[in-house]
Amino acid sequence: MSATPIFFRKPWVRRAGIALLVALMIVLPLVLPEFANTTLARIGVFAVAVLGLNLLMGYAGTVSLGQIFFLGLGAYVTAYGVAQGWNVVIVFALACLIPAAVGLLVALAAARLGGLAIAMVTIALPIVGVPLAKRLSEFTGGSQGVSARFTSAPEWTGLYDDQWKLYIVLVIAGMAFLLTRNLVHGKYGRAFAIVKGNESVAASMGISPYRYKVLAFTLASLLGGVSGFLYMVVVQYTSPETLSFGHSITLVASMVIGGAGSIVGSLLGGVYYVLAPQVTNIIDPSLTAALQGAILLLVLFVLPGGLVSLPRVWRRRRASSTHPHSRERQDT
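This is a predicted model, so every value here is computed, not measured.

Visitor: Whenever I open this one, the overall build of the protein chain confuses me. Can you help?
Guide: For the protein chain, the count of helices and strands is 16 helices and 2 strands. The principal-axis extents of the C-alpha atoms in the protein chain amount to approximately 75 × 50 × 45 Å. Residues classed as buried in the protein chain amount to 44% of the 332 residues present. Restricting the contact set of the protein chain to residue pairs at least 6 apart, pairs at least 24 apart contribute 76%. When the accessible area of the protein chain is evaluated, it comes to approximately 17700 Å², of which 67% is carbon and sulfur surface. A gap of 16 Å separates the mean positions of the 23 positive and 10 negative side-chain charges of the protein chain.

Shown next, in the form of C-alpha cells:
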C-alpha cells in the first residue's frame with residue numbers, strides 16, 4: 001500500500017487541508033481578476049447542478065436526463081421573486097422548495113418505472129419546459145427571457161460585484177457539497193448503494209427501492225433549484241434557452257467526465273461544463289460539439305471512473321511499473 005494515502009488519512013492532515021481550503025476561499029476572490037472570479041462563480045453554479053445529478057445517477061443509480069429543467073425552474077422562481085420585491089431569503093427558499101416539490105411529484109409518478117422508461121419521463125421535462133417558459137410570458141418574460149439584478153455588493157463590504165457574487169456562490173455551494181457529502185456517507189448513502197446494486201436485495205433487507213428513488217430524485221431537484229438561484233446570482237438573466245435539452249445532456253456528460261458517484265467528481269464536472277466550451281471555442285468554434293464528444297470518449301476509454309479516478313489509476317500504474325514481476329509471481 002502506498003504511504004501517501006495513509007498520510008492523507010491522518011486527522012490533523014485533514015483538518016489542515018480544510019483550514020487551507022477555507023483560507024483560499026476567503027483570499028482568492030480578493031486577489032483574482034474579475035474574469036477569474038466570474039469563471040469560478042459559474043463553475044460553482046454548475047458544480048451544484050452536477051452534484052444533484054450525481055446524487056441521483058451516481059449514488060442512487062436512477063437515470064435522469066432532465067436536471068437542467070430544475071436549474072431553469074429555480075432561476076425563473078428567483079427572477080420572479082426578485083421582480084416582486086420579496087426578501088432574498090424567501091426567494092432562495094422558494095427557489096429550492098418549488099423545484100423540490102415538482103421533482104417529488106415527478107418521482108412519485110415515475111420512480112416505479114425503470115431504465116429506459118424513467119429516462120423518457122425525465123427527457124420530457126426540458127422538452128416541455130422550453131415551450132412552457134415561452135407561453136407563460138407574464139412570469140418568465142417569454143422568448144426574451146427575464147433579468148434580475150439583486151446581488152450588487154453592499155457598500156459596507158468594500159467589495160466589487162464579482163467578488164461579492166463569488167463569496168455568495170462559495171458559501172451556498174460549499175454548504176450544498178458539505179450536506180450532500182454527509183448524506184452519502186451516512187445511512188442514506190448506504191441505502192442508495194444497495195438500491196443501485198440490486199433492488200431485490202434491497203427489498204429483502206427492508207429497504208424500499210421506491211422510497212429511496214423518490215428521495216434521491218427530490219434531493220437532486222432541490223439541488224437543481226439551488227444551482228438555479230446561484231445562476232441568477234452570477235448571470236442575472238435567464239430565458240427558455242437555459243432549459244434546453246442540449247444543456248441537460250452536457251450536464252450528464254460533465255458528471256461522467258468528472259466521476260460518477262463522487263463528490264469531488266461533481267466539482268470536476270462543473271469545471272468541465274464551464275471550461276470545455278471555452279477551450280474548444282478557442283480551437284475551432286465550428287467543432288465545439290465534436291471536440292466535446294471526443295473528450296467524452298477519450299475519458300470513457302482511458303478513465304472509465306472519470307477524472308476523479310486519475311490519481312488511483314496513476315498509483316496503480318506506478319506500482320505495476322515498480323514491481324513488474326509481482327503479477328507473474330502471483331500467477332505462478
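Back to the write-up after that little detour.
Visitor: Please clarify how the nonpolar core should be interpreted in this entry.
Guide: Across soluble globular proteins, nonpolar side chains have a tendency to be buried as a group. Ranked by internal contacts, the top residues of the largest apolar core, which has 72 residues, are Phe-46, Val-48, Phe-192, Phe-229, Leu-230, Tyr-231 and Leu-251. In this structure, Leu-230 is in contact with Val-45, Val-48, Ile-168, Val-169, Ile-172 and Ala-173, ignoring residues within four places of it in sequence. In terms of nonpolar packing, the next biggest core, distinct from the first, is built from 6 residues, Tyr-272, Val-299, Leu-303 and Val-313 among them.

Visitor: How do you make sense of a nonpolar patch on the surface when you look at a structure like this?
Guide: Nonpolar side chains collect at one region of the surface, where Ile-18, Leu-20, Val-22, Leu-24, Ile-26, Val-27, Leu-28, Leu-30 and Val-31 lie side by side and expose about 790 Å² of accessible area between them. Tracing the backbone shows Ile-26 in helix α2 (residues 11-31). Residue classification places Ile-26 among the partly exposed residues on the basis of a relative accessible area of 49%.

Visitor: What should I look at first to understand the pattern of salt bridges in this one?
Guide: When the charged atoms of two side chains with opposite charge come close together, those side chains can pair. All told, the structure shown has 1 salt bridge when counted by the stated rule. Glu-199 is the partner of Lys-213 in a salt bridge, and the nearest nitrogen-oxygen pair spans 2.7 Å. Taken together, the positions of Lys-213 in helix α11 (residues 209-234) and Glu-199 in helix α10 (residues 199-204) put the pair 14 residues apart, joining distant regions of the chain. Its relative accessible area of 11% is what places Lys-213 among the buried residues. Given a relative accessible area of 37%, Glu-199 falls into the partly exposed group.

Visitor: What should I look at first to understand the packing of aromatic side chains in this one?
Guide: When we look at a pair of aromatic rings, we describe it by the centre distance and by the angle of the planes. Enumeration over the complete set of coordinates arrives at 11 aromatic pairs. Seen from their ring centres, Phe-46 and Tyr-273 are 4.2 Å apart, and the 25° between their planes marks the pair as stacked. One end of the pair, Phe-46, is in helix α3 (residues 34-59); the other, Tyr-273, is in helix α13 (residues 263-283), with 227 residues separating them in the sequence. There is no split in this pair, since Phe-46 and Tyr-273 are both buried.

Visitor: Would you mind showing me how to read helix α4 (residues 67-83) here?
Guide: Because each turn of an α-helix spans 3.6 residues, side chains separated by three or four positions in sequence point in the same direction. In a regular helix each residue adds 1.5 Å, so 17 residues correspond to 24 Å; α4 covers 25 Å between its end C-alpha atoms and thus fits that length. Among the 17 residues in α4, 14 count as buried, and that is most of the element. Two residues or fewer after α4 comes Gly-85, characterised by a positive phi angle close to 75°.

Here is what the cut-offs are and how they apply
Residues numbered from 1 in each chain as written. Predicted model: local features only at pLDDT ≥ 70, side-chain atom pairs only at ≥ 80, totals over all residues. Heavy atoms only, no water. Helix = DSSP H or I, 4+ residues; strand = E, 2+ residues; numbered from the N terminus. Buried < 20%, exposed > 50% of the residue type's maximum accessible area, 1.4 Å probe, protein only. Contact = heavy atoms within 4.5 Å. Areas by Shrake-Rupley, 256 points an atom, 1.4 Å probe, with all protein chains shown as cover. Lys, Arg positive; Asp, Glu negative; His and termini not counted. Charge placed at Lys NZ, Arg CZ, Asp CG, Glu CD. Core = buried A, V, L, I, M, F, W, Y, C linked by side-chain atoms within 4.5 Å. Patch = residues over 30% accessible without salt bridge, like charges linked within 9 Å, V, L, I, M, F, W, Y side chains within 5 Å. Salt bridge = Lys/Arg side-chain N within 4 Å of Asp/Glu carboxyl O. Phe/Tyr/Trp six-rings, centres within 6.5 Å; stacked < 30°, edge-to-face > 60°. Expected span 1.5 Å × (residues − 1).

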